[in-house]
Structure formats: C-alpha cells, structure tokens
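Okay, here's what each chain looks like letter by letter:
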Number of protein chains: 4
Amino acid sequence: LVHKVTVGVLGASGYAGRELCLLAGRHPHMELAFASANAQRGETFRAGKNALEFISADEAPLGDVDLVFCALPHGASREWVLRARDAGAKVVDLSSDFRPGHTGSEGVPYGLTELRRSDVTGADLVANPGCYPTAILLALEPLVRAGLIEQGSTIAASAASGVTGAGYSPRPELLFGEVAEDFRAYSVGNDHRHLAEMSAVLQDAGGNADIVFTPHLLPVARGILATIVTRVSSLPKNPLEIWLDAYDGEACVEITDSTPTLKEVVRRNVVRISVARATNTTVPTVIITSAIDNLTKGAAGQAIQNANLMFGLPETAGLPL
Amino acid sequence: LVHKVTVGVLGASGYAGRELCLLAGRHPHMELAFASANAQRGETFRAGKNALEFISADEAPLGDVDLVFCALPHGASREWVLRARDAGAKVVDLSSDFRPGHTGSEGVPYGLTELRRSDVTGADLVANPGCYPTAILLALEPLVRAGLIEQGSTIAASAASGVTGAGYSPRPELLFGEVAEDFRAYSVGNDHRHLAEMSAVLQDAGGNADIVFTPHLLPVARGILATIVTRVSSLPKNPLEIWLDAYDGEACVEITDSTPTLKEVVRRNVVRISVARATNTTVPTVIITSAIDNLTKGAAGQAIQNANLMFGLPETAGLPL
Amino acid sequence: LVHKVTVGVLGASGYAGRELCLLAGRHPHMELAFASANAQRGETFRAGKNALEFISADEAPLGDVDLVFCALPHGASREWVLRARDAGAKVVDLSSDFRPGHTGSEGVPYGLTELRRSDVTGADLVANPGCYPTAILLALEPLVRAGLIEQGSTIAASAASGVTGAGYSPRPELLFGEVAEDFRAYSVGNDHRHLAEMSAVLQDAGGNADIVFTPHLLPVARGILATIVTRVSSLPKNPLEIWLDAYDGEACVEITDSTPTLKEVVRRNVVRISVARATNTTVPTVIITSAIDNLTKGAAGQAIQNANLMFGLPETAGLPL
Amino acid sequence: LVHKVTVGVLGASGYAGRELCLLAGRHPHMELAFASANAQRGETFRAGKNALEFISADEAPLGDVDLVFCALPHGASREWVLRARDAGAKVVDLSSDFRPGHTGSEGVPYGLTELRRSDVTGADLVANPGCYPTAILLALEPLVRAGLIEQGSTIAASAASGVTGAGYSPRPELLFGEVAEDFRAYSVGNDHRHLAEMSAVLQDAGGNADIVFTPHLLPVARGILATIVTRVSSLPKNPLEIWLDAYDGEACVEITDSTPTLKEVVRRNVVRISVARATNTTVPTVIITSAIDNLTKGAAGQAIQNANLMFGLPETAGLPL
C-alpha cells in the first residue's frame, strides 16, 4: 500500500552496479525501474529472480524515478549526477567525484553513514565513500576523535582487496590465470587515488599524523581487510572501549575480541573491527584490523543504507546483515 | 666421479621436508639417502621421478650420511640436531631452536646466506632462518646497516603467507572450504614466534627502532609478500641504490623498480625487493616490499644454499633460479 | 501471532548443519530452538545475526520441538531419527539411512520435492536426498519417465562437487594446500555410496539402463555440476520441452538454453538444467547438464523445502531463490 | 662444443608461447634466438633467468634459425609455417592447421609422440596435438588398437581444463572474479573444435564408436583431467595391462593404480592414466581417467619432445619430468 521508492541505476554492468540492482530489487521499499549500461544496451540481465533489460544512459528516464544510484566511472559521474538532480531525483553517487578531498565536494554530505548520519538523513545528494576509505576510516576515526594518536606520528595502513574492487574490466592482469596463486601490492609510494579522501576526512576529525596507505590485490572475489599500525599517546585499559563507545547501538558495526576475517563479513553490510595493543615495543602502539565486503558495506550496501536515511526508511531495510 | 654429498632428511613429510627431498633428489652433487617421517613410516613417497620409503627417525642412519637436514617441529629439533652432530654429520636445522633470539643459539651461524656468508662457509651446523624473517630481514637489514632508519621510530612490517607456511597439519581452519575466499591477520599484537629472531638480528645490525610485525594467511599455496613502512632520517636520490650496493653480484637477490609479486618468485630460490619513497608525508618515509617463496628461499632452497657453502659446492648448485 | 514451527538441528557443526541453522534462523515461520554438536558442546556459534550455544545430542529436548533436522553421519542417524519420532517431533533426515536403495527405507517419503510432492506433503518423516542424486535425478527422471532413453544403454553421469560436500572434517587431502589448483575423480569404478540411491529411483521411474557415475572434487567451496551423456530412442524437435513440461510452474527449477554454471545457483535453492542434442554421432544422443548448490538445494535448502510441505507452509518460505 | 639448435618462437606472448620460451631457454641443446609478439613488440619479457625482447613476426629472421615453434592462432598459423619452411627452418606447429581432421593435413606427421614416434623422428614439419586430444587419445588409443571397444557404442569423454587453456586473452568471462568459485561446461552438444582431430585419429586406429566430448572450465591455472566412460567387448583380468603393454618403457607416460590428479602432472611433461572396471553394470564398461598439464605435455612440452626427435636429440632432453 505504501508508495515504493522508484530507483534507477546508472552504470549497472559493473560489479557495484550489479550489486545495486540485486539489493534494490530485493528491497521491501524500493522498486528497480531502470538500469543503464551503454555497452550492454539491449542485453537482459538477472538480478535474483528478476530479469531486466539494460538501457543506455541517454535513454534513462531520470525524471521518472525518486532515486538514482550513479555507479559511473570517476570523472564521468559528475555530469550525470547533476542531470539526475536537475530532473528532480535524489542521488547517491558511488564515484569519487563528490567525495572529500575532491574539488566541488563542498556541501555534499559524505555517506560514511555511522559517522555522518545527521548529514545524510533527508539529504538530496550523498557522496558514497570509497571501499578502502570505508574500511580504514571506520576503524581509525574513533581513535582520531579521541585525540589518542601520537602527534606527528606515522599511521601505516596496509589493506588488501578482492578483485571485484578493480572492476569488471577485461585487463590481462585481472585474468584468473594471473591472479590465482598471486598477491601483490600496488600504488606503492602512498599515491593511491583514495588517499586524498582519507586524509581530508582524518584531518577534519582533528588528525595530525601522516597516513601511509598501501593497497594489495588478493586472489579472492570479494572483501577488504585493513591492518593499521599507529603509535598512541595513551590508551584505556581495554582499548576496545573506544570503539565500543563510538559505535554503541550501531547495527552495521561489530567490535570483536577476535581478529576479523573476510569470511565473517562477505555478503553482509557490516564492518568488523578489532584492536590489539602491541607487545614488545618501547612506545605504546596499537594494531587495528577491520574487514568489510567491498561490494556491500564498501559500495552498494552502504549506498542503500544512505538512501534509506535520505528517504526516511528504516536504516537497515533491505540490507543483508 | 666426484663423491656426492649423502643427505638425510628428518621430518620429511611436512611441506618443507618434502621440498627438501625434491631439491636434494635433483641436486647434481647430492644424493638422498633417507627421509624420516614417524607417522608415515613404511609409506612410499615420490620426489620428482624418484620414489623413497619413509623410515622413522629412530631408524635413521645418522652416522652414514655427510649431511642432515632437520625439518622437525620447533622444540623437538634440538635433540636430533645434537644426535646427528654426535654421529658426525653436518646439520642444517630448519627449526627455530638455534636461531638468534633463542637460548642456546650462541655460536651457531645464522643462515641468512647473503648477509652471513662467511659464517656459513665451511660450518658444521647452521640455523636456517624462518620464512618471514628471510623476507623481512633481507629487505630491512641494508637500511639498518646504513644507519638510515629514524632513531626510535616504529617499523610497521605487514606480511602475508601462503598456507604451506602453516604446515601440513589437518586443522579445520586450514581446510580448503575455510581458507578459499578468506584472508585474515593472525598473531595480531606483535607476539608472533618469529619476532624474537627478527628483533635480535636487527639489533645486532645496529637497529634502534620498534618493529611491529603482523602476519596474514593468504588463500594461495606458496609465497610470502612483506610490506614494510618505516621513517628514514635521509635517503639517497635513488633509494634503490642502498639495496643495489648491498646485494651487488648476488645470484639469489633481485632488486627491482616494479613492485614484486608472488608469481615472480614462486618455485625460485630468490628474494625480490623493491623500495618506494612515500609521497604525501611530512616526514621522509619508505615503503619496502619483498617477495619470496616460503618453501624455497624461505626454507628448503635456502637450506640447500647454506649446505652448498658448508661443503664447498657452488652456492647455487641444484637451486631453481 | 501465528505459532512458529520450533526447530532443532542434530549434527549442527558440519557444513549442512550450519546451513540449516542459518536458514531456519532466518525463516519467517520457524524458530531455532537447539543445535547439537557433541564435540563442540558449550561453544557459541553465529548463524547470521543470531548466536546459539551447541549442546550435546543427549541433552537435546527432542520432545519440545515440532521439527528435528537430523544432519548426523550416515549410520549414526537412524537411531536419532527414531528417538525424535518417538518424542513426537516430525523429522527431516539428511543422512542416507532412510533413502531409496537402503534397507529400512520402505514407506519413508523421499524428499526429491518436485518429483515426490504428494508423498512429502503432511508427512511425519522425510528422507532428504543426497547432493549428487538431487542434481542427477532432477535432470534425468523426466527423460526416464518419458521412456526416451535407449533400452539397455549406458548413462554416463560425470559430476563435480565443491569441497563442502566432503564435510567439515580435517583430513589432510582436504587442506587448502592440497585442493587448490587440483582436480581429481574419486570413487572411480561406479561404487560411490550415492549410486544405490540413484539406481533405485531411476528403476522405480521405469529406467532400464546402466548408470555409470563418476564424482570429482572441485577446488571451490560450494556447488555441483553434473554432465550426463545418454543415448535416446527419439527426441522432440526441441528437447528442452520434456523438461519444461515436467517442471512447469516449479519455483525451484530453471530450464535454460544456456549451459548452467555454479555461479548461477550458489546460495540459491534452485536447480538449473540444460539439454543439448549431440552433433556428430550416428545414434541420437543428448548431453544434459545440471547445477545446484550442494548445501542449499542439495541439502539444507531442500530440507527446508520439504519441511515447509510437511507443516503446510508455503513451499518456498524462508528459501533463497 | 656441440652446435646448439637455434630456435625461434612465433606467437610468444600467449601462455603456450611463454612456456616454449621458458623450456627452450633452459634446454641444454637449444638456444632461443627470437620470440615474436606483434602487440608486445619492443617489450622485454623474462623466461627464467633470461630476458628477451619481443619482435614482430615480420621481423623474425626465419632463415637464421634451425627450428621455429609456431604458436600463432588457428587459421593464422598456416601461412607462417609455410614461410618458415621456405626459409629452411624445421617447424613444430602448435595450431590445429595441420592436424588430422583438417584440410591440408595429409602427409604432415601428427606429433602425439608416443604413438607416432617413427613419423616424427627426423621430420621437417610436425603438427603438435591439441591439449584435450593429447589427454584423451593417449588414454583411448591403446583400447581402440586392441579392438576392445564395443562396436557402435558411445564413448562419453568428459574433460576439464585450467584457464590457461583458454589463452591469454582479456575476455570478461575469464576474469578472476568470474572464474573463481565457478565451474561450467562449454561447447556442449559435441561441437568443440578439437572433436574432428580426435575422431580422425580414432577412426584411423580402427575405432567404430561415437565419441561425445564435453569440455569444462576449471578454476585452476593449469592442467587437464579427462574422464572417459566406454563399453568394452571384453577385458583382460587386469585392464591396466593393455596400457602397461602399449606404453612399456615410455618416459613420459605413467600408468597408475590410483586415480591421477592434476597436482601429480602439473609442470611435468607426462600423462598419467588409470583405468577402472565399472561395477554395478549389466554390460562390461570401463572408466579411464587421464591427466596432463595442458601447457607442458598438452602443448609446449610435447612440442619440445617432438623437436628433440626431429633433430636427433635425446627425446626427453630439456623436459621437466
């Protein structure tokens, strides 16, 4: 009886786009109206039990839907976000075009839901965080806000992602024959395109430390695990308390004694975080580990979570927990 | 015509033991005389084209061979090393029992071959390094010796290993159904049993920094990749020069511009090392990545390399490069 | 408001048992009351968002639940099935103890749901089919019933299963280091323990052909693909029609033009079947391929589907489609 | 002192081409002179410890080498084979252009080495078999030659290959994210392009049965396992004797009691074959399983084996066994 939120997905043939179609198609309060994929125009695709036909972005009836998820490539997204907004649709943008650290992001709520809930609620446009920033910022920001990171120190953030994070693009180095039984770091030298987003957010939270971020490519389909080493000025007896306090009552955050693993989070819209005090050091140091599914909490799931808040729906409606 | 070095392997049913049998069996100057595996006593196993029958350690004719590779578990190894020495055999011990940082290791050469060649040459007993220490120390020690690591800083050493590093032991968490599509950190909190070995070696080389080591379990069979972040006091214009100088002429070390990957080193007795200066930091920082095969350069291959030096054979004889 | 069906799971620590707990825990009309696992007694386990504590089978309050899923090993199951029945609970038995081709199976409905629906509806005890028989019988039985298989010919049924089919048992040959990058046939010689079940069912359906079944172990966690080659006496112009007719209106069966893949069925309670006429043969021959998730349609999912019919619930309630 | 056979590789950037460069580069009696790859012209590649620069095929000094391995795509190969022959080089062609069942293959020796040794020895041009035909024909031909297959029956040959068999081509369906955790049949309907090759060879050996061949794509990098079901007119008491006799003294064939696995053959130039009599059938039936490495015995290794015979070198020189 209640009106369902009508939804369109731009850029629906990629991994995040397909996941959005799947989640929106199963959402009790959403109805998937269109999905665009220029190169696959006319092809039928299956999202759960439903089948839909890809249209081109130009054909998308942006004015006929309540909500557009924009999963177009970085750089190409901005134009379509503005078109959809002009046509009257609310937009969750999954590209980096409107994220912190990028020009033109001022005033656009950053959809790191648990830490920006009031900005997102009721908003018309939300910039959905990157997958690595989601894993790392949800793990780090409570410590930064508590002012406990040693001033001027170096935060070493190493993280590894499944290959769906690299997108559905037929590059030779992403073939099964190349990725299986391999593991590699990339963007070594602290120049990954997600760095600006993380730095801007941490600085905004009062951070005053170098962050050195090194991503790796894992031979798995889905999941991100981040391992973060940082010196601290002091710590409560049980360091976990900082995170338990920061995320008290959160449905999509799990603070655990045991180290999180990809298996525990894959296909779920949650982040799992654990913290250990380093033994055998002269300076107090913590190791924070955090795990997400890069396509769920790291992309399509968090986008749905933000959309729920934008439309006054229950925050976890339609989300696998 | 030349006398071949006769070889026995104690603990031959594990992954490192099997690799030792394979490499010794193919070695142009070695002859595999026995392989012990108490639980598999009487079973035939294949090492390349050859078949051998496992005997129990008690049956091993320690006095009839020139060389014993001891691949028994930590703690259990010491007794058998001493027995083999008493029987007149030279020994390469692959356990941690005689490694730096362990009681009773004084005077025993540490077989990190490239950095301890003069100690190993002609020795009667050598402690073969752990797999993680091999990857991390070969990467770090040149920088430590050059005195370039910031005094009192924290070295964040994150590393990931294939499952053969966990041994051929039927634990539920090592089943294919558990490891595939998973990734996890373990020994989080800087308390891995390889830490003492690394700390002792770095301190001996003049190091004065905390090392925080976090290992991870990869869904691959073989290989270790280490990613090391550390602040430096200063650096030459091309940081690679430090490593190029330290390893000039080394057959088993490859210093590269591109980031090393597991694929490049698996089934080869080499370490590949690359170094990048971190951009976007206020303090000079480097990221060192290094890759080895945990069973070759990280265990059986390096053991053969050491044995070659102990017997005056060409250092790389019998080794896959 | 409606009374929920209270459910207990015996043998809940294996892969099928854990899947049953997960599905029953999420089922809109079921409530998970207990889960037994003798060796893990007292341990807490997570099934989705819920946590439960394993009890021993002896402690299980069989008389307090409406339904018991028995996922105990073959041979051990019979006794517990009878105990649960005596205590008044309905039972779905996932072992082979009451399946066709086994002594004592007379009169027990065989839960190959789509083909035995009337037997299952309202029943008190159902023998849930094996995973391989589910994939193969759903593919073959329509052809047998139509009387189209060449009299006295040989049906070659080759199938491959993910490792969860081998159970959560720490055997060395199931370690990641052994299974990854491997593939093997097993029970070669037509003596797999599922053969009797398949032969009995096919004979019952009027079959008069040898079936030669060869299972294989795949380096994947979940899924079974069966490839069945058989001579036929004749065929309709479009062979798919036989299956389209047999499964008209079935929610859990998908007849497709394209060859089914594991990806399309994993974590779904469906079977996908395709059929191709062989070219380049002198005798009319078809190749039938069918795919299921061995833990869902091949075990826990089909068990839920049967339970739904036993209790008059909607057949697909609580099932991922 | 002995003249080395100088070797060129056309089409060196694919998986088979790279393997050829690796094996030729390590061969004690061969010297790799050039490697062509039009799209990678000018790029340096590593084959073991050696580095070489790709040239275009047009630049290849065909007249300056003793031997050309042609690993170009089917259809494109014929022209270059003829050019190389005209320039005076002997040629092993790895494409299907000169294989049995293809027009223009008359008089060209078929390099299924063990079964065509006299044709290959000293030849100037050899058509190297396909990977699937190598696995299936080496398994089947002894039975066909013995005249034991039931006249007019159907041979069901199911086989599964690692993804390197599909080539180093960046197609979306070969991405890690698509292949991992999947398994599928392809060319279902007995229309794979290797069928003509197999049928022609079996007919030539006296076969009179339909062969129905169904290939599958495995989530592994290397290896082929074939599972072949066929009715037989009669069998010796120990069926293995047929194969033991046929392959007596062969260095690259292993007849085994136990079912062969990919692990046992990967990176080795061998085929492993096992045979089991089917129980529970009314008609005598056997199941033959055979395993090879698709890039070694199934392509580059067998090409080297043939080249050794063409030049009077020891048949297994340079081959990993």
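Residues numbered from 1 in each chain as written. Chains lettered and ligands numbered in written order. Predicted model: local features only at pLDDT ≥ 70, side-chain atom pairs only at ≥ 80, totals over all residues. Heavy atoms only, no water.

Peer 1: Just checking my understanding: could you explain the interface of chain A and chain B for this structure?
Peer 2: Interface size is commonly expressed as the accessible surface area that is lost when the partners come together. Chain A puts 48 residues into the contact, and the matching count from chain B is 49 residues. Between chain A and chain B lies a buried interface of about 3,700 Å² when both sides are counted; carbon and sulfur atoms form 57% of it. On the chain A side of the contact with chain B, A:Glu181, A:Phe183 and A:Lys263 bury the most area, a combined 17% of that side's loss. Inspection of the chain A/chain B interface yields zero salt bridges. In this structure, the connection of chain A to chain B is made through 32 residue pairs in polar contact (both at pLDDT 80 or more). For the side of chain A that touches chain B, the secondary-structure elements that each account for two or more residues are β8 (154-161), α5 (176-179), β9 (184-185), β10 (210-217), β11 (224-231), α8 (262-265), β13 (271-277) and β14 (285-292) of chain A. Among the residues making up the side of chain A that touches chain B, the classes are represented as 20 nonpolar, 18 polar and ten charged. (Contact = heavy atoms within 4.5 Å. Buried area = accessible area lost by both parts, 1.4 Å probe. Salt bridge = Lys/Arg side-chain N within 4 Å of Asp/Glu carboxyl O. Polar contact = N/O pair within 3.5 Å; in protein donor to acceptor, adjacent residues only side chain to side chain. Helix = DSSP H or I, 4+ residues; strand = E, 2+ residues; numbered from the N terminus. Nonpolar A, V, L, I, M, F, W, Y, C, P; charged D, E, K, R; others polar.)

Peer 1: Is there a simple way to think about the sheet that holds strand β10 (residues 210-217) of chain D in this case?
Peer 2: Strands belonging to one sheet form pairs held by backbone hydrogen bonds; the direction of such a pair is parallel or antiparallel. Residue and element names in this part refer to chain D. Here seven strands make up an open sheet; going across it, the order is β9-β10-β8-β11-β14-β13-β12 and the pairing mixed. Strands at the two margins of the open sheet, each flanked by one partner only, are β9 (184-185) and β12 (253-255). When strand β8 (residues 154-161) meets strand β11 (residues 224-231), the two strands line up antiparallel, connected through six bridges. Across the sheet, residue Ser 158 finds its bridge partner in β11, namely Thr 227. (Pairing = 2+ DSSP bridges.)

Peer 1: Just to check I follow, could you spell out the sheet that holds strand β7 (residues 125-127) of chain D for this structure?
Peer 2: Residues and elements named next belong to chain D. Spatially, β2-β1-β5-β6-β7 is the arrangement adopted by the five strands of the open sheet, whose pairing is parallel. Of all the strands in the sheet, the pair left with one neighbour each is β2 (30-36) and β7. Taken pair by pair, the neighbouring strands of this sheet meet at an average axis angle of 15 degrees, ignoring direction. Note that strand β1 (residues 5-10) and β2 share six bridges and pair parallel. Among the inter-strand pairings, Gly 8 is bridged to a residue of β2, identified as Phe 34. Seen against the sheet, helix α9 (residues 296-310) touches β2, β5 (67-70), β6 (90-93) and β7 and runs at an angle of roughly 155 degrees to β6. (Axes fitted to C-alpha atoms, helices over the stretch in contact; angles between N-to-C directions.)

Peer 1: When you look at the relation of the copies chain A and chain B in this model, what are you seeing that I'm missing?
Peer 2: For the match of chain A to chain B, the screw axis carries a shift of 0.0 Å, the RMSD comes to 0.0 Å, and the turn is 180 degrees. What we have between these two chains is a two-fold relation. (Least-squares fit on C-alpha atoms with pLDDT ≥ 70 in both.)

Peer 1: How should the relation of the copies chain B and chain D be read in this particular structure?
Peer 2: For these two chain copies, the linking operation is a rotation about an axis paired with a shift along it. For the pair chain B and chain D, the best superposition has an RMSD of 0.0 Å and corresponds to a rotation of 180 degrees with a translation of 0.0 Å parallel to the axis. In this assembly the copies share their binding face: 100% of the residues contributing to the interface of chain B also contribute to that of chain D.

Peer 1: What's the story with helix α2 (residues 77-86) of chain B in this structure? I'm lost.
Peer 2: Residues lying three or four places apart along an α-helix face the same way, a consequence of the helix completing one turn every 3.6 residues. Residues and elements named next belong to chain B. Every buried residue belonging to α2 is among Ser 77, Trp 80, Val 81 and Ala 84, and all of these are buried. Around the axis of α2, the buried residues are gathered within 105 degrees of arc, so they sit on the same side. Remark: Gly 88 follows α2 within two positions and exhibits a positive phi of approximately 100 degrees. (Buried < 20%, exposed > 50% of the residue type's maximum accessible area, 1.4 Å probe, protein only. Arc of directions from axis to C-beta.)

Peer 1: Would you explain unusual backbone geometry in this entry?
Peer 2: Residues and elements named next belong to chain C. In this model, Glu 181 sits at a positive phi of 60 degrees, which is unusual for a non-glycine residue. Note that Glu 181 resides in the loop between α5 (176-179) and β9 (184-185). Its relative accessible area of 19% is what places Glu 181 among the buried residues.

Peer 1: Which parts of the structure should I look at to understand the pattern of salt bridges?
Peer 2: In a structure, side chains of opposite charge can pair up when their charged atoms sit close to one another. Residue and element names in this part refer to chain A. Going through the model one piece at a time under the given rule, you end up with 80 salt bridges over all chains. A salt bridge links Glu 197 to Arg 99, with the nearest nitrogen and oxygen atoms 3.1 Å apart. In this pair, Glu 197 is assigned in helix α6 (residues 195-204) and Arg 99 in the loop between β6 (90-93) and α3 (117-120), connecting sequence segments 98 residues apart. For Glu 197, a relative accessible area of 0% puts it in the buried group. When its relative accessible area of 2% is taken as the criterion, Arg 99 is described as buried.

Peer 1: Where do I start with empty space enclosed by the protein in this structure?
Peer 2: A water-sized probe rolled over the atoms picks out the places where empty space is left. Enumeration over the complete set of coordinates arrives at 13 cavities of 30 Å³ or more. In this structure, the largest cavity encloses a volume near 210 Å³. Lining the largest cavity are 16 residues, and of these A:Phe176, B:Phe176, C:Phe176, C:Pro219 and D:Phe176 lie nearest its centre. Taken together, the residues of the lining of the largest cavity sort by class into twelve nonpolar, no polar and four charged. (1 Å grid on protein atoms, 1.4 Å probe; cavity = no way out; pocket = protein on both sides within 12 Å on 5 of 7 lines; lining within 4 Å. Points joined across faces, edges and corners; volume = space filled by probe spheres on them.)

Peer 1: What should I look at first to understand the environment of C:Leu72 in this one?
Peer 2: Residue and element names in this part refer to chain C. As for its position among the elements, Leu 72 is in the loop between β5 (67-70) and α2 (77-86). Residue Leu 72 is classed as buried on the basis of its relative accessible area, which comes to 17%. For Leu 72 and Val 9, which are 63 residues apart along the polypeptide, the C-alpha to C-alpha distance reads 9.4 Å. Excluding residues that lie within four positions of it along the chain, Leu 72 makes contacts with Leu 10, Gly 11, Ser 77, Trp 80 and Ser 95.

Peer 1: Hey, could you run me through the side chain of D:His194 in this one?
Peer 2: Within the fold, D:His194 resides in the loop between β9 and α6 (195-204). Dropping the residues within four chain positions of it, D:His194 is found in contact with D:Arg99, D:Gly130, D:Cys131, D:Tyr132, D:Pro133 and D:Phe213.

Peer 1: Help me understand the state of the cysteines, please; the structure alone is not making it clear to me.
Peer 2: Disulfides are covalent bonds that link the sulfur atoms of two cysteine residues. Residues and elements named next belong to chain A. One pass over the structure, following the stated rule, counts zero disulfides over all chains. With no disulfide partner, Cys 70 has as its closest neighbouring cysteine sulfur the one in Cys 21, 13 Å distant. With a relative accessible area of 0%, Cys 70 lands in the buried category. (Disulfide = S-S within 2.5 Å.)

Peer 1: What's the story with the packing of helix α4 (residues 131-145) of chain A against helix α9 (residues 296-310) of chain A in this structure? I'm lost.
Peer 2: When two helices pack together, their arrangement is captured by the angle between the axes and the distance separating the axes. Residues and elements named next belong to chain A. One way to put it is that α4 packs onto α9 with a least axis distance of 8 Å and a crossing angle of 100 degrees. Judged by the angle between their axes, α4 and α9 are roughly perpendicular. Note on element contacts: α9 touches α4 through Lys 297, Gly 298 and Gln 302, opposite Cys 131, Thr 134 and Leu 138. Taken together, the residues of the contact of α4 with α9 break down into two nonpolar, three polar and one charged. (Parallel < 35°, antiparallel > 145°, perpendicular 65-115°, else oblique.)

Peer 1: Is there a simple way to think about the side chain of A:Glu197 in this case?
Peer 2: Residue and element names in this part refer to chain A. Among the polar contacts made by the side chain of Glu 197, one reaches the side chain of Arg 99 at a distance of 3.1 Å. A polar contact is formed between the side chain of Glu 197 and the backbone nitrogen of Gly 130, at a distance of 2.9 Å. If we skip the residues at most four places from it in the chain, Glu 197 touches Arg 99, Pro 100, Tyr 110, Pro 129, Gly 130 and Pro 133.

Peer 1: Even after reading the chapter, I still don't get the interface of chain B and chain D, so can you show me in this structure?
Peer 2: Between chain B and chain D, the contact holds eleven residues from the first and eleven residues from the second. When chain B packs against chain D, the two sides together hide about 890 Å² of surface, and 43% of this comes from carbon and sulfur. The interface formed by chain B and chain D includes zero salt bridges. Linking chain B with chain D are zero residue pairs in polar contact (both at pLDDT 80 or more), by the criterion used here. Grouping the amino acids of the side of chain B that touches chain D by side-chain chemistry returns four nonpolar, no polar and seven charged.

Peer 1: Would you take a moment to explain the environment of B:Glu241 for this structure?
Peer 2: All names here are of chain B. Looking at where Glu 241 falls in the secondary structure, it is placed in helix α7 (residues 240-246). Looking at Glu 241, the relative accessible area reads 39%, which means it is partly exposed. Each C-alpha atom of the pair Glu 241 and Arg 184 lies 34 Å from the other, and the pair is 57 residues apart in sequence.

Peer 1: Mind showing me how you'd approach the packing of aromatic side chains here?
Peer 2: The relation between two aromatic rings is expressed through the spacing of the ring centres and the mutual angle of the planes. Residue and element names in this part refer to chain A. Scanning the entire structure with this criterion turns up 16 aromatic pairs over all chains. Aromatic side chains Tyr 132 and Phe 213 sit 5.1 Å apart centroid to centroid with 65 degrees between the ring planes, which places their arrangement in the edge-to-face category. One end of the pair, Tyr 132, is in helix α4; the other, Phe 213, is in strand β10, and 81 residues separate them in sequence. For the pair Tyr 132 and Phe 213, a shared accessibility class is recorded, and that class is buried. (Phe/Tyr/Trp six-rings, centres within 6.5 Å; stacked < 30°, edge-to-face > 60°.)

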